[in-house]
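These are the residues of each chain, in order.
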Amino acid sequence: MATGWSVIIGAIIVVLACLAGWFFAPKGETQTIWRSSLILSFASCYIMWAITFLAQWHPLIEPRRGGLTKHAIHDN
Amino acid sequence: MAPKQDTMFRSADMSMVQLYVAKEIGREVVNALGELGQVQFRDLNSDVTAFQRTFTQEIRRLDNVERQLRYFHSQMEKAGIPLRKIDFDVDTLAAPSASEIDELSDRSQSLEQRVASLNDSYETLKKREVELIEWRCVLREAGQFFDRAHGNVEEIRASMDDDDAPLLQDVEQNTSGQNGQNGDAERSFSVMNIGFVAGVIPRDRVAAFERILWRTLRGNLYMNQSEISEALVDPTNNEPVHKNVFLIFAHGKELIAKIRKISESLGADLYSVDENSDLRRDQIHEVNTRLGDLGSVLRNTKTTLDAELTQIAQSLAAWMVLVKKEKAAYQTLNLFSYDQARKTLIAEAWCPSNSLPAIKSTLHDVNNRAGLSVPSIINEIRTNKTPPTYQKTNRFTEGFQTIINAYGTAKYQEVNPGLPTIVTFPFLFAVMFGDFGHGFLMVVAAAAMIYWEKPLKKVRDELFTMAFYGRYIMLMMGIFSMYTGLIYNDVFSKAFSIFPSAWEWNIPDGWQEGQTVTASLKQGGYRYPFGIDWMWHGTENDLLFSNSYKMKLSILMGWVHMTYSLCLSYINARHFKTPIDIWGNFVPGMIFFQSIFGYLVFTIIFKWCIDWSAPGAGSPPGLLNMLIYMFLSPGTIDEQLYAGQAPIQIFLVLIAIVQVPILLFLKPFYLRWEHNKARGKGYRGIGANSRVSALDGDDEDSNTLDGRASLLSDGEGVAMITQDVGDEEHEEFEFSEVMIHQVIHTIEFCLNCVSHTASYLRLWALSLAHQQLSVVLWTMTIANGLATTGPLGVFMVVVTFYAWFFLTIAVLVVMEGTSAMLHSLRLHWVEAMSKHFLGDGIPFEPFSFKQMLEDDDAAADIS
């Protein structure tokens, strides 16, 4: 779970969601608004998530912390 | 051709129509169209002054009625009588008939007279009352004085006989114990030939009054005065005035006459007071009786007036609306051209093509109701005028569209940036405002405003109205903030730990609590699946990581947003059928932008995808330096990112540079070539002969023919309709102008690619500031409260919680939210819209009663 492939899998899911948004948008006057808003929302949320994931994929620095208690350190 | 459905993507299809309406039903037609609110009439009498128009008389009469109604309203406010307000959503006041308006006009005329006369008599009575009160004061004060003074006539006389004696020697010194001498004294005043003047004067004039008297009479007077304790109300302007009672004694008739003149000229009111105490008592008695009578008359008048006004208050709001509507209708009718001979009104109007059937049926209905034999005719005409831009909105989209319209009105049928703004505006806001908790507060506030939409609509507080208007924007901003809060893993500056972390602490042997530890990645390639790993929270190098992440995030977001916006310019060029805008602007611009910033984005993602800790991977290059040296010394690579990097970068720089001359010259030279070709074939500029004519094409029903025949024989009518068709500017092709325009566009575009990308870094700065501020707020308030133990701790937790919660709302949500919103606004107006927005449209302003009442400030008072 949650390896490098996630970005690709996520992209596929989002494309499917976009397609669903396009076809299942309520008919009528607001159809364009539904389609545009759904697809843009899916796309922006995916981009944000993917960027965050990629930024942590191969980190160049690691967390460094002082002042931890024994309890906190064995908690994870 | 069946018109396609209007969407928010572009402004609605518009049609120019001509209306031929019989004069008898002109009013009814305009009223019906005003209720429909889909028609924008053009002024066909622009060269006629306001006074010469057909329906000026009616408008004057309605102005008068409106003034009378306002007079009633002001009288009601003065009397403190509440107006029965009307709800425009519930009461749809139908347009009144002509007789109703006449009746209303007559009624308000007579009511005005009645109210005015009542008011007049009330004011007169009030004035009389004040005078009586003043008189009573004078009588009382003078009486006291006389009672005191009678005892020491001798003294006064002595002082007058003796030149050296002080004139204004204090009388009161010797008054005590001499009251028994009244009998002698009463005679002695007349014996001494001393006259006196009594009256009241405003207190602020007393000093001047004394001085003038002293100088004119050379000191030959004796003046006594006292203050009236309560303020008297001036009935003319209802302001309280403080006054003094004075009593002046002087010797001789001339002096008394002088004193009278002076006091009257200074605004004093003189009252007759009798010297004799018995007569004085009678006078006081009489004054009191009269005051009592007057009081009851006053009360009666007041109740009658109030009853009258209360009755008017019941229906005043409705009347105001009726008169406003009627006036607007006549003002609209004044835009029509009137054919005297045929008693026909001719109008030209813009309306959305999709509303044409509704307009037609409305006209038909009005005609049927009036039972007129002459039909009203509506006739669509072709024109080369630019139609107005009409973006149909609903409750949800209205706020977003307003954001765009505040910047400029979109050109007719260009891509409406309002549509993507529904998502991009709140999303970019959320990137800066990313906190789950703060976003949740915002959603709650917005949801409450949406749930109680109806009652809250009536609130007239300016700040609240603004927030209320943007309630759906707030809802979207809140929802996206909650999402970005999850991504940033921030909830009120704390972290969620939903998934297991990808890091584990390396605990060295002999580790003690408090020593610094570092973490390393767990085995197996597991990465934190959603958002930022919570292990980063509270670490020493937390900022180092989030700075790098958020900076790259904002560059990538900016790149996506700008590329998207640039693509909209392609759609515009396609729609307006100007392929030169595609080849001369869009394509070179896109290549220029992508070969620099598209490449930067590629390298950012590429660098993330490489495992730099793997053996032989080398050291990670700095991307900022790479981008700078890509231009400063193309071909030299300090730290390699990938093989073959140098030639690719040289290629990209070259291809970007090549786009500059294309951007500069292609479009102007193409336009010149096109222009010369057209001229070579012998064409002249269009527009010289093109005109809108009501006479072209006759495929309408037979009814139309009647109207048209009448128009044919009437040269004036045609002239009137077609008069300003020639106004449309058909400017001559000027190569230098086109060239200058293109040079400006090129320079702007190329520089803006750089500056706009940098401008998106505000996403990084603001989100960092927001996160740090919420951390500081937590540690300074509630963290202290939690650290305190014992009974004091309970108290501290409560106090610090309230401080924290209040500051979170005020500073982090309201203040930071406003600032993030303004930055998001800027990113849309400047960075995104400059890529495609033409914005030289004319807004569609239909004649609509609903809109008119909403815009009217006076109408706001009565709803």
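About the thresholds
- Residues numbered from 1 in each chain as written.
- Chains lettered and ligands numbered in written order.
- Predicted model: local features only at pLDDT ≥ 70, side-chain atom pairs only at ≥ 80, totals over all residues.
- Heavy atoms only, no water.
- Contact = heavy atoms within 4.5 Å.
- Buried area = accessible area lost by both parts, 1.4 Å probe.
- Salt bridge = Lys/Arg side-chain N within 4 Å of Asp/Glu carboxyl O.
- Helix = DSSP H or I, 4+ residues; strand = E, 2+ residues; numbered from the N terminus.
- Axes fitted to C-alpha atoms, helices over the stretch in contact; angles between N-to-C directions.
- Parallel < 35°, antiparallel > 145°, perpendicular 65-115°, else oblique.
- Left-handed = near helix turned anticlockwise from the far one by under 90°.
- Nonpolar A, V, L, I, M, F, W, Y, C, P; charged D, E, K, R; others polar.
- UniProt positions renumbered as here; feature names shortened; annotations may be inferred.
- Buried < 20%, exposed > 50% of the residue type's maximum accessible area, 1.4 Å probe, protein only.
- Pairing = 2+ DSSP bridges.
- Core = buried A, V, L, I, M, F, W, Y, C linked by side-chain atoms within 4.5 Å.
- Phe/Tyr/Trp six-rings, centres within 6.5 Å; stacked < 30°, edge-to-face > 60°.
- Lys NZ or Arg CZ within 6 Å of the ring centre and 35° of its normal.
- Polar contact = N/O pair within 3.5 Å; in protein donor to acceptor, adjacent residues only side chain to side chain.

(A) Expanded view of the interface of chain B and chain A. Opposite the 64 residues of chain B that make contact, chain A presents 41 residues. Carbon and sulfur atoms supply 69% of the area buried between chain B and chain A, which totals about 4,800 Å² over both sides. Counting across the chain B and chain A interface gives 2 salt bridges. The salt bridge involving B:Lys392 is made with A:Glu29; its shortest N-O contact spans 2.8 Å.

(B) Representation of the environment of B:Phe72. Residue and element names in this part refer to chain B. With respect to the helices and strands, the residue Phe72 is situated in helix α2 (residues 56-79). Taking the C-alpha atoms as reference, Phe72 lies 9.2 Å from Ser108; in sequence the two are 36 residues apart. Discounting residues that sit within four places of it in the chain, Phe72 has contacts with Ser108, Leu111, Glu112, Val115, Leu309, Ile312 and Leu316.

(C) Expanded view of the packing of helix α16 (residues 542-575) of chain B against helix α17 (residues 579-609) of chain B. Residue and element names in this part refer to chain B. With their axes 10 Å apart at the nearest point, α16 and α17 run at an angle of 160° to one another. If you check the angle between α16 and α17, you find them roughly antiparallel. Once α16 is placed against α17, the crossing between them reads as left-handed. Residues belonging to the contact of α16 with α17 are distributed by class as follows: 18 nonpolar, 5 polar and 4 charged.

(D) Structural detail: the UniProt feature "transmembrane region" (unreviewed entry) in chain B. In this numbering, the UniProt entry assigns the feature "transmembrane region" (unreviewed entry) to residues 427-452, 472-491, 553-571, 591-610, 648-671, 763-786 and 792-815 of chain B. Strand forms 0% of residues 792-815 of chain B and helix 100%; the C-alpha atoms that close the span are 32 Å apart.

(E) Representation of the environment of B:Arg114 in the model. Residues and elements named next belong to chain B. With respect to the element layout, Arg114 can be found in helix α3 (residues 98-149). Looking at Arg114, the relative accessible area reads 39%, which means it is partly exposed. Distance in space between the C-alpha atoms of Arg114 and Ala349 is 44 Å, their sequence separation being 235 residues. Once residues within four sequence positions are removed from consideration, Arg114 is found in contact with Thr304 and Glu308.

(F) Structural view of the sheet that holds strand β7 (residues 243-251) of chain B. All names here are of chain B. The sheet built from 4 strands is open, its strands ordered β4-β7-β3-β8 with antiparallel pairing. For this open sheet the edge positions go to β4 (221-227) and β8 (269-271), each flanked by a neighbour on one side alone. Strand-to-strand, the axes of this sheet are offset by a mean angle of 25°, without reference to chain direction. In the sheet, strand β3 (residues 194-202) pairs with β8 via 3 bridges, with the strands oriented antiparallel. Bridging across to β8, Val200 finds its partner in Asp269. In this fold helix α6 (residues 206-216) packs onto β3, β4 and β7, with an angle of close to 175° to the strand it touches most, β4.

(G) Spatial organisation of the UniProt feature "transmembrane region" (unreviewed entry) in chain A. Residue and element names in this part refer to chain A. Per the UniProt record, "transmembrane region" (unreviewed entry) is annotated on residues 6-25 and 37-57. Across residues 6-25, helical content stands at 95% and strand content at 0%; the span's end C-alpha atoms are separated by 27 Å. The span residues 37-57 is 90% helix and 0% strand, and its two end C-alpha atoms sit 30 Å from each other.

(H) The nonpolar core, seen in detail. If you look at the biggest cluster of nonpolar residues, it comprises 97 residues, and the most contacted ones within it are A:Met48, B:Tyr549, B:Leu553 and B:Leu763. When residues of this core are assigned to their parent elements, the largest contribution, 12 residues, is made by α17(B). Not counting residues within four places of it along the chain, the set of residues in contact with B:Leu553 comprises A:Met48, A:Ile51, B:Val431 and B:Tyr488.

(I) Structural view of the packing of aromatic side chains. All names here are of chain B. Scanning the model with the defined rule gives 42 aromatic pairs over all chains in all. Ring centres of Phe41 and Phe336 lie 5.0 Å apart, and the angle between their planes is 50°; this geometry places the pair in the tilted category. Residue Phe41 is located in strand β2 (residues 40-41), and its partner Phe336 is located in the loop between α8 (277-333) and β9 (337-339); the two are separated by 295 residues in the primary sequence. Considered together, Phe41 and Phe336 belong to a single accessibility category, that of buried residues. Taken together, Phe492, Trp778, Phe801, Tyr802, Trp804 and Phe805 form an aromatic cluster joined through their ring pairs. One Lys or Arg, Lys550, reaches over the ring of Tyr488 and ends 4.4 Å from the middle of that ring.

(J) Fine view of the sheet that holds strand β1 (residues 64-65) of chain A. Here 3 strands make up an open sheet; going across it, the order is β1(A)-β13(B)-β12(B) and the pairing antiparallel. If you trace the sheet from one side to the other, it starts and ends with β1 of chain A together with β12 (503-506) of chain B, each paired once. Where β1(A) lies against strand β13 (residues 517-521) of chain B, 2 bridges are found, and the strand directions are antiparallel. The residue of β13(B) that forms the bridge with A:Arg64 is B:Thr518.

(K) Highlighting the environment of B:Phe436. Residue and element names in this part refer to chain B. Examined against the element boundaries, Phe436 turns out to sit in helix α12 (residues 436-451). For the pair formed by Phe436 and Asn489, sequence separation is 53 residues and the distance between their alpha carbons is 7.9 Å. Here Phe436 is in contact with Ser481, Met482, Gly485, Leu486, Asp490, Val491 and Phe496, once residues within four sequence places are set aside.

(L) Here's a closer look at the side chain of B:His438. Residues and elements named next belong to chain B. With respect to the element layout, His438 can be found in helix α12. His438 gets classed as buried once you look at its relative accessible area, which sits at 1%. At a separation of 2.9 Å, a polar atom in the side chain of His438 contacts the side chain of His770. Leave out the neighbours within four places in its chain, and His438 touches Phe433, Phe492, His770, Ser774, Thr808, Leu812 and Val813.

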